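A structural walkthrough
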There are 2 protein chains.
Amino acid sequence: MAKINSNYQKLQAGYLFPEIGRRVRAFAAANPEAKIIRLGIGDVVLPLPEPIVQAIKDASDEMGARESFRGYGPEQGYDFLLSAIADHYKSQGAAVEADEVFVSDGSKCDTANIQEIFGLDNVIAVTDPVYPVYVDTNVMAGRTGEAKDGRYGKLVYLPTTAENGFEPALPTVKADIVYLCSPNNPTGALMSRASLEKWVKYAKENEAILLYDAAYEAFIQEPGQVHSIFEIPGAREVAIEFRSLSKTAGFTGVRCAYTVVPKDLKARNDQGELVGVHGLWLRRQTTKFNGVSYPIQKAAEAVFSPAGKKAVADNIAYYMENARIIREGLAAAGLTVYGGVNAPYIWLKTPAGLGSWDLFDKLLNEAHVVGTPGAGFGTCGEGYFRLSAFGIRENVVEAVARITKIL
Amino acid sequence: MAKINSNYQKLQAGYLFPEIGRRVRAFAAANPEAKIIRLGIGDVVLPLPEPIVQAIKDASDEMGARESFRGYGPEQGYDFLLSAIADHYKSQGAAVEADEVFVSDGSKCDTANIQEIFGLDNVIAVTDPVYPVYVDTNVMAGRTGEAKDGRYGKLVYLPTTAENGFEPALPTVKADIVYLCSPNNPTGALMSRASLEKWVKYAKENEAILLYDAAYEAFIQEPGQVHSIFEIPGAREVAIEFRSLSKTAGFTGVRCAYTVVPKDLKARNDQGELVGVHGLWLRRQTTKFNGVSYPIQKAAEAVFSPAGKKAVADNIAYYMENARIIREGLAAAGLTVYGGVNAPYIWLKTPAGLGSWDLFDKLLNEAHVVGTPGAGFGTCGEGYFRLSAFGIRENVVEAVARITKIL
């Protein structure tokens, strides 16, 4: 008798974005004349830069000729891309070797899959609010108890709110694996160097592992801030880092990301012996994954070329100008806003004690603007609201005008 | 203290193909003048057909223009591709709806990931020999005991050898989940309609689920044979089917596949209630996967266009002519061969009682031909050797001449 993985039944109803989609569709159907502006899901809108498009087309031509056709590539990515990524890390002051880089089809996949190489008895810590994938994949694997009041049993939640300056405090119970995200989705906050040093120290002292999601590092604007956890001394012994080209280079529909598992990282097996984590991830990827499409890897390589870097920087500057417009526009109207300086997300304190979903419905119905309710990211997100800077400029300006008119 | 998933340490050393690669590299280094012919890993060699290359290029141009740019797509694939796949199924006499199709980046990934939605206490049955991914992913998840004499505890092995005409017999112990592959990798055997009817009946009677890998269905040459398990009455209640464009359309480096989870398929939860499996896989994919690259989905759509179908059929005919040359050439030399009629693999009985790896070394050293030792696919593969029809014609002809000269 085949049995399902019953852990799936612990999952709380629906992923956040499908619920948003449902409400937006219902509103649009009832109000066909409304011009809806979407600053919700955080999907990029600017087209792929020309050098990247050209790289895909050239690679496709290669695939169409017998002498240059390529079949299976290495699961962890082609050397040309691994080297380009390692060089990029070195230019940021982080010691990462090419054979510590694993290219994949997305950071969602990597941050979802990484827990598979760790035992089911690890204590997992997440910030609250949090990117839902970290939590849901641990629920599905069976590392949590039942859900109650929006939180799962056994998980350690680290509140990150205005009260603590959006800096998660060290756990008061011992955590084995800690998910951190900086620049943060959804709060837009950036972890300071001092904070990261504190976390690396915690991990060393507790033999914990930090899963560091740096998907938005390219949006950091302030000089001197930390782009990679591997800039922090000792991090190579305690951390895995995830990065993505999705937002960085407009790859949400193209699909390419990368993960760094340093060879210095170790964890214990059931006998208490130290085992290299790099080899486990290599085994996981070679067994359950077959590499990223060759034309897409060539597109990713182009992101790191001089022309690609320039084009990508221009797009990021465009989005960060949007972020400034939202942040300053809302603040000037007397609203309390966070983020948007080193991240493409603005984290708005809901006014007048409105609930997150109340504000969602109000903005949708009265301003025809779609955002993301903070409560969708966790209990501590209640009373907040995420606005994304990924929009066409005139829509962003219009959205700010509409929001400030009604709030 | 972070702990690894200790199940990984049960895995037997190295995946098969890395070991082959190691031996081939060593030989090539010692014999730089040798012209090595590779009929081992089963990677395609013909270039991508023109309509498919053009589809990728057109889609890349779309991505380079603001008005046609696409960001995140649906995790399970775009409607245009889901519909094309459902139509293809219908043309083969299999009732599959578009919303039962899940597009992915490979059948290796899908056949590896599918076990995640099932409980850890299911009894798993696999054929022997078998595609290693089915086994290794269950080892990693913890559904097996320790390895002994090349077999894992708790797994149910179903021998498929010349003695039973390469048709696996029904398990003598109750199995909950059964992996079947037809046309078979590595034996090249095709399951008959009667055999599939027997398996569907077994699954119904035992509430078992069949995981049916049809990655090579496009290579079936004989009319009237079964291409999809969903041609079998009742299969929609007991089976999941995997298909791939890797070998079908030369996509090993392009990456696109699809899996069908019928809405009629159910399994039990811990309370013994029946739960729809389709919803579980949808949740798994939406949480741990982010869809296939848009230009690659357009390439896949082109495979199902009239021009794409014609080009793909021409390539398959080329490979199957290779298969005929290998099969008939070896048979004429007095060797015993199986497969190669409805599959691109020839399964050679090793002559003179040679072990699989002995024959591997002999062919590499004396004929400079690379194949795959049957023992690499399981205990019952010992005494067999896999040759792939994926080669350039003159190399295939040359390989047969060299092999028959020394065997």
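Values in this document were obtained by computation on a predicted structure and should not be read as measured data. (Residues numbered from 1 in each chain as written. Chains lettered and ligands numbered in written order. Predicted model: local features only at pLDDT ≥ 70, side-chain atom pairs only at ≥ 80, totals over all residues. Heavy atoms only, no water.)

Considering the overall build of chain A
Applicable threshold: Strands here mean DSSP runs of E at least two residues long; helices mean DSSP runs of H or I at least four residues long; both are numbered from the N terminus. Atoms counted for the radius of gyration: C-alpha only. Globule rule: 2.2 Å times the number of residues to the power 0.38. Buried means the residue's accessible area, taken with a 1.4 Å probe over protein chains only, is under 20% of the maximum for its type, while exposed means over 50%, and partly exposed covers the values in between. We call two residues in contact when some of their heavy atoms are within 4.5 Å. Each accessible area is a Shrake-Rupley estimate made with a 1.4 Å probe; only the visible protein chains count as cover when residues are assessed. By the counting rule applied here, Lys and Arg register as positive and Asp and Glu as negative, while His and the ends of each chain are not counted. Charge positions are represented by NZ for Lys, CZ for Arg, CG for Asp and CD for Glu.
Scanning chain A for helices and strands turns up 11 helices and 17 strands. Relative to its length of 407 residues, chain A is compact, with a C-alpha radius of gyration of 21 Å against a globular reference of 22 Å. Its C-alpha atoms put chain A at 55 × 55 × 55 Å along the principal axes. Counting over 407 residues, chain A shows a buried share of 64%. At a minimum sequence separation of 6, the contacts of chain A that also span at least 24 residues come to 73%. When the accessible surface of chain A is split by element, carbon and sulfur atoms take 53% of a total near 13800 Å². Positive and negative side-chain charges in chain A, numbering 42 and 47 respectively, have mean positions lying 3 Å apart.

Looking at the environment of Y338(B)
Residue and element names in this part refer to chain B. Structurally, the position occupied by Y338 is in strand β13 (residues 337–339). Take Y338: its relative accessible area is 24%, and that puts it in the partly exposed class. When the C-alpha atoms of Y338 and T187 are compared, they prove to be 7.2 Å apart, with 151 residues separating the residues in sequence. Ignoring anything within four residues of it in the chain, the contact list for Y338 reads A162, F166, T187, Y345, I346, W347 and Y384.

Examining the pairing of strand β9 (residues 239–244) of chain B
All names here are of chain B. Our working rule: By the convention used here, strands pair only if DSSP detects at least 2 bridges between them.
Counting buried positions over the 6 residues of β9 gives 6, a clear majority of the element. Both faces of β9 are covered, namely the face carrying A239, E241 and R243 and the face carrying I240, F242 and S244. Pairing between strand β8 (residues 209–213) and β9: 4 bridges, direction parallel. Bridge assignment links L211 to a residue of β9, and that residue is I240. Here β9 pairs with strand β10 (residues 257–260) via 4 bridges, running antiparallel. Its bridge partner being in β10, E241 is matched across the sheet by V260.

Regarding the interface of chain A and chain B
What counts is decided by this rule: Counted as a polar contact is a pair of N or O atoms within 3.5 Å, where, for protein atoms, one must be capable of donating a hydrogen and the other of accepting one, and residues adjacent in sequence contribute only when both atoms are in side chains. Residues are grouped as follows: nonpolar covers Ala, Val, Leu, Ile, Met, Phe, Trp, Tyr, Cys and Pro; charged covers Asp, Glu, Lys and Arg; every other residue, Gly included, is treated as polar.
With 84 residues of chain A at the interface, the matching set in chain B holds 84 residues. Where chain A meets chain B, there are 50 residue pairs in polar contact (both at pLDDT 80 or more). Among the secondary structure elements, those contributing two or more residues to the side of chain A that touches chain B are α2 (50–63), α4 (107–113), α5 (132–141), β11 (266–268), α7 (277–288) and α8 (294–303) of chain A. Looking at the side of chain A that touches chain B residue by residue, the class counts come to 38 nonpolar, 25 polar and 21 charged.

Considerations on the domain arrangement of chain A
All names here are of chain A. We count it as follows: All the domain ranges listed were derived from an automatic or database domain assignment. Throughout, the accessible surface (probe 1.4 Å) given up by two parts as they are put together, summed over both, is called the buried area.
The domains assigned to chain A are domain 1 (6–47 + 308–406) and domain 2 (53–305). Averaged C-alpha coordinates put domain 1 and domain 2 at centres separated by 25 Å. Of the roughly 3400 Å² buried where domain 1 meets domain 2, counting both sides, 61% is carbon and sulfur surface. Three residues, K10, N342 and F377, lead the burial of domain 1 against domain 2; their summed loss comes to 20% of the area buried on that side.

Section: the environment of N290(A)
Summarising the element assignment, N290(A) is placed in the loop between α7 and α8. Not counting residues up to four positions away in its chain, the partners in contact with N290(A) are Y72(A), E75(A), K108(B), C109(B) and R255(B).

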